[in-house]
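Okay, here's what each chain looks like letter by letter:
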Amino acid sequence: MTTTALPRRTYLNHEFGIKSWLLTKDHKRIGLLYLVFVTLAFALGGLFAAGVRAELTTPAGDLWSSDTYNKLFTMHGIMMVFFVLIPAVPAILGNFVLPLMIGAKDVAFPKINLISWYIFVIGMFTTVSAMVFGGVDTGWTFYVPYSTQASNTNVMVTGIGVFITGFSSILTGVNFMVTIHRMRAPGMTWFRLPLLVWALYATSLVQILGTPVIAITVFMLALERGLGFGIFDPALGGDPVLFQHLFWFYSHPAVYIMILPPMGVISEVIACFSRKSVFGYSFVAFSSLAIAVFGFIVWAHHLFVAGISPYSAMVFSFLSFAVAIPSAVKTFNWTATMYKGAIWWKSPMFFVFGFMGLFLVGGLTGLFLASLGLDVHLHDTYFVVAHFHYIMVGGAIMGFFAGLHYYWPKITGRMYSDTAGKAAAVLIFIGFNLTFFPQFILGYLGMPRRYHAYPPEFQVFNVLSSAGATVLALGYLLPVLYFTYSIFKGEAAGNNPWGATGLEWTTQSPPLPENFPDQPVVTEEAYDYSKREIKVA
Amino acid sequence: MSHISPKSTYYAIFGALMALTALTVYVAFQHLGWLNFPVAITIALIKASLVVLFFMHVKYSSKLTKLLVASTFFFLASLFGLTMTDYMSRGWFTSPRGTTTAGMLPKLQAAELPVASEQALANPGPLFEATCGSCHSFTTKTAPTLAEINQLYGAKHDIESMVTWAKAPQRKRMRFEPMPSFAHLGDARLHALANYMLQQAAQTPPQ
Amino acid sequence: MPDALAAHAEAHGHSHGHAAHHPDLQHHFETLEQQHEASTLGMWIFIIQEVMFFGGLLAAYMLYRIWYPTAWSEGSAELNIQLGGLNTVVLIGSSLTMALAVRSAQTGKQKALIGFLVATMALGLVFLVVKGFEYHDKWVLHHVPGLNFKLEEGQVPQIAIFLSLYFALTGLHALHMVIGFGIMSVILWMAWRKRFNPEWYTPVEMAGLYWHFVDIVWIFLFPLLYLVDRAHQVQ
């Protein structure tokens, strides 16, 4: 391998100074701006989780008061859902890599892209200030009438923060959709697109159609709490369950916003590190769209025990089973991609394997919960908590890390220590399972969620879980260290350190400000690993 | 670049919109029963379509734009439609035990319960907690509180009215779920319970 | 690439070999047509998102209208159908003037463009003023839930839900009109500065799409709020 030098002119060094970052219209710089704040949000959310797990090491509620505990799990949920999981892959990796993947110079609306970031920061600042000045204790789900009539914490300010942040998500979705429709390079037909682009497209659909509904729901909550309007008030004959319908109409599709882009990343990484085209490309592409559409019609599975009609519950239960099918299609296709491929064991692939195992468990346990009879027993227990953490952390965050490890050389032009990356992947996998697998058992045994004290017979599993959380935290700390180190001391990556297909790997690392020196023209199918010799340059 | 509509088109559409507005007001005052609402919505949809097609130029826009506009209805429809599957079917079939907590009580005949023992009648506390207390306490919000019941019946110690009500409750307060009948408990128990409730209310200082 | 050329290219946002282009073409697009299509698509997607936004309130409206027909009938009777009808006419009129404004931009008629934009804004202002009078009436009659609401003799308490939704829907709509007014001010200023020509008038068109959308929302709100069960009130 020849030693490569860093390129002379890149998007990182062609302009200097804080203004060139804060007023940038370059999608690559905006992606990095998101990375900074999402990382901060992850740290804060992790801190709240640490508070929760510390309390749960002992059965008695002796570390925090119950009020404080309520605030801790609420704020953990809010930080992680709105400021980490929703933006992580789309706003960071998607922003960076989408125009490169389709051969465009930038997204369709670069100024709006920057505004999206500012909206995100303002929303995060607003929400965090609500947390700092008294906190919020309604659960991230803000159910009425507690949130409108009884809670005496900063519900309004948090609601405003969430409302603002929603627009960041919407505008990113608008930007990506228009970019994908109108800015593909010549020859880049829909079915030559990398699957990450399909995933981002499907995600954008969900962001655009779903986020406004939570915006209006939070708006109604604010009207009821702030002005005393009666829309959900039972004393007037209002229905608190209506709030739940409207809330989950967004919040269920939101989980598909969180998982679709990481799934797209998995497709990219699996193809590259199996040296094989993704098996059943069109099935995987259409399954992304199917997940987006189906994801909109299953929301009331969160309301199974809230008092909705059993007939409606049956419909939603059936649909919830159906939505698992496209995800299963993807899982089969990924496995088939690896079969008879030449597996190249690098860090991104480690995270992919972590994803496969954990997403499988998370997805299957979702089917348990989709089953009406089981959900009556499992609702509001730790089984649910374990299920969604397997999907969110085991699935989405693992996928995000796979993408980060895959694209880091492209983003920074530097290689990181692969050994350190593998160690982090293993540590995270072990820590994760130790944290969350006991929670399946706890839930099955009946331990309720959102309780700060529990019967002593549950202590063993809780201690295992808290111990696992410590290991997990260490695992997440490692990338901060070796990625930072790589920025200063990492070996230059060159255009294509992984020998991957895709337009993004044909340009220099880090890329030019305008991405491509000349307009690329696409003549090959996606993931053409078999047809030509891939040069690891 | 884009299609330029003649001014006459815009004026014609405006005229149509004015006419449809007048029509919708006129129809609103006609006795069409349940049809009033669908007719009003249909007229509104026609007006909206005219604005979309001609003022917003969708008639002359790309296929993609047309597809997007049409697909909005699909998603709005799923929000409305699937939410309504819950609300429209809530009262459809009530199992013999009903779906509300009160309705879960077995519908026993008075003869099916054994005669109340003297001891049970003298000490109706546990029966009260099991049967009435979840709805009628001092702090419950699902039914009149004990304090309110005391206000209604306590002044004249009107046990008879309370028993009559418990056997055949009317519904005077729309914000509460209907109270089921407790006739199956039998007169003896009902008297004891009524006495107990007034006693409890009298003993407890006002909250 | 020689350093001097590179500096020149960076300063002017052109990379080496790029021909001079239309001043309104942003450099990440290849043609004006692509840019215009992107803008139009983006604006439509935004409008679709706004439809879903109002959709949540309409879902609540739909549920409670089915549950409480009496409250809806009584609540609607409390609204002033003349003012509501007037506002409908005014707003549809402003859509007409807006469409004509876009047409003026398309045909290069600068003065007509400014005139129609001003007319649109004026009609929008009339709408908001009339709405202000309606809200004032509601306040005086103690029909504002949460703030000064008093249930009248013979009315069902759920009328408060109708009124809550009335204020939420029309208030949100009015907020969108105020934002639209702001957008129009910017467009008017740009038109005054002769920024628009038949080759590039995209902001006028986009502002028009937004304005028409706000009109469409009112086209639905008027019958949904003002025309409920009116037949039974005319004996």
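Residues numbered from 1 in each chain as written. Chains lettered and ligands numbered in written order. Predicted model: local features only at pLDDT ≥ 70, side-chain atom pairs only at ≥ 80, totals over all residues.

### A few points about the overall build of chain A
So, step 1. Across its full length, chain A holds 16 helices and zero strands.
So, step 2. Taking 24 Å as the expected radius of gyration for a compact globule of 537 residues, we find that chain A reaches 23 Å, a close match to that expectation.
So, step 3. Projected onto its principal axes, the C-alpha coordinates of chain A cover approximately 70 × 45 × 45 Å.
So, step 4. Counting all 537 residues of chain A, 58% fall into the buried class.
So, step 5. A fraction of 85% describes how many contacts in chain A between residues 6 or more apart in sequence connect residues 24 or more apart. (Helix = DSSP H or I, 4+ residues; strand = E, 2+ residues; numbered from the N terminus. Rg over C-alpha atoms; globule rule 2.2 N^0.38 Å. Buried ≥ 20, exposed ≤ 12 C-beta atoms within 10 Å, placed from the backbone. Contact = placed C-beta atoms within 7 Å.)

### Examining the overall build of chain B
So, step 1. Secondary structure assignment for chain B yields eight helices and zero strands.
So, step 2. Order of helices (α) and strands (β) in chain B, N terminus to C terminus: α-α-α-α-α-α-α-α.
So, step 3. For chain B, the residues scored as buried account for 22% of the 207 residues in total.
So, step 4. Across chain B, every contact between residues at least 6 apart in sequence was considered, and the portion connecting residues at least 24 apart equals 65%.

### What to know about the nonpolar core
So, step 1. Formed by 271 residues in total, the largest nonpolar core has its most connected members in A:V197, A:V269, A:A402 and C:L165.
So, step 2. In terms of residue count, the dominant contributor to this core is helix 9 (residues 240-274) of chain A (23 residues). (Core = buried A, V, L, I, M, F, W, Y, C linked by C-beta atoms within 7 Å.)

### Regarding unusual backbone geometry
All names here are of chain A.
So, step 1. At the junction of V144 and P145, the peptide bond is cis and its omega measures out at 0 degrees in the coordinates.
So, step 2. Mapped onto the elements of the fold, P145 is located in the loop between helix 5 (110-132) and helix 6 (146-150).
So, step 3. For the peptide bond that leads from S509 to P510, omega is -10 degrees, which places it in the cis range.
So, step 4. Within the element layout of this structure, P510 appears in the segment after helix 16 (459-489).

### Digging into the packing of helix 4 (residues 81-106) of chain C against helix 7 (residues 202-226) of chain C
All names here are of chain C.
So, step 1. At their nearest, the axes of helix 4 and helix 7 sit 9 Å apart, and the two run at 160 degrees to each other. One way to sum up the angle between helix 4 and helix 7 is to call them roughly antiparallel. For the pair helix 4 and helix 7, the sense of crossing is left-handed. Between helix 4 and helix 7, the contacting residues are I81, G84, T88, L91, I92, S95, M98, A99, A101, V102 and A105 on the first element and V204, E205, G208, W211, H212, D215, W218, F222 and Y226 on the second.
So, step 2. Of the residues in the contact of helix 4 with helix 7, the class split is 13 nonpolar, five polar and two charged. (Axes fitted to C-alpha atoms, helices over the stretch in contact; angles between N-to-C directions. Parallel < 35°, antiparallel > 145°, perpendicular 65-115°, else oblique. Left-handed = near helix turned anticlockwise from the far one by under 90°. Nonpolar A, V, L, I, M, F, W, Y, C, P; charged D, E, K, R; others polar.)

### Re the interface of chain B and chain A
So, step 1. Residue-level contacts link 13 residues of chain B with 14 residues of chain A.
So, step 2. Its residues assigned to classes, the side of chain B that touches chain A comprises six nonpolar, four polar and three charged.

### Thoughts on the interface of chain C and chain A
So, step 1. With 34 residues of chain C at the interface, the matching set in chain A holds 35 residues.
So, step 2. Elements with a minimum of two residues in the side of chain C that touches chain A: helix 1 (3-12), helix 2 (32-67) and helix 6 (159-192) of chain C.

### Thoughts on the environment of A:T523
So, step 1. By the secondary structure assignment, A:T523 is in the segment after helix 16.
So, step 2. On the basis of neighbour counts, which here come to 10 C-beta atoms within 10 Å, the residue A:T523 falls in the exposed class.

### Considering the domain arrangement of chain B
So, step 1. You can read the domains of chain B as domain 1 (7-88) and domain 2 (102-203).
So, step 2. Spacing between the C-alpha centres of domain 1 of chain B and domain 2 of chain B amounts to 54 Å. (Domains from an automatic or database assignment.)

### Here's the deal with helix 5 of chain A
Residues and elements named next belong to chain A.
So, step 1. A rise of 1.5 Å per residue sets the reference length of helix 5, with its 23 residues, at 33 Å; its end C-alpha atoms lie 33 Å apart and thus fit the reference within 8%.
So, step 2. Of the residues making up helix 5, those classed as buried are P110, N113, S116, W117, I119, F120, G123, M124, T127, A130 and M131.
So, step 3. Buried positions along helix 5 lie against helix 2 (27-55), helix 3 (66-85), helix 4 (88-102) and helix 7 (155-182).
So, step 4. Once helix 5 ends, the next one or two residues include G134, with phi positive near 115 degrees. (Expected span 1.5 Å × (residues − 1).)

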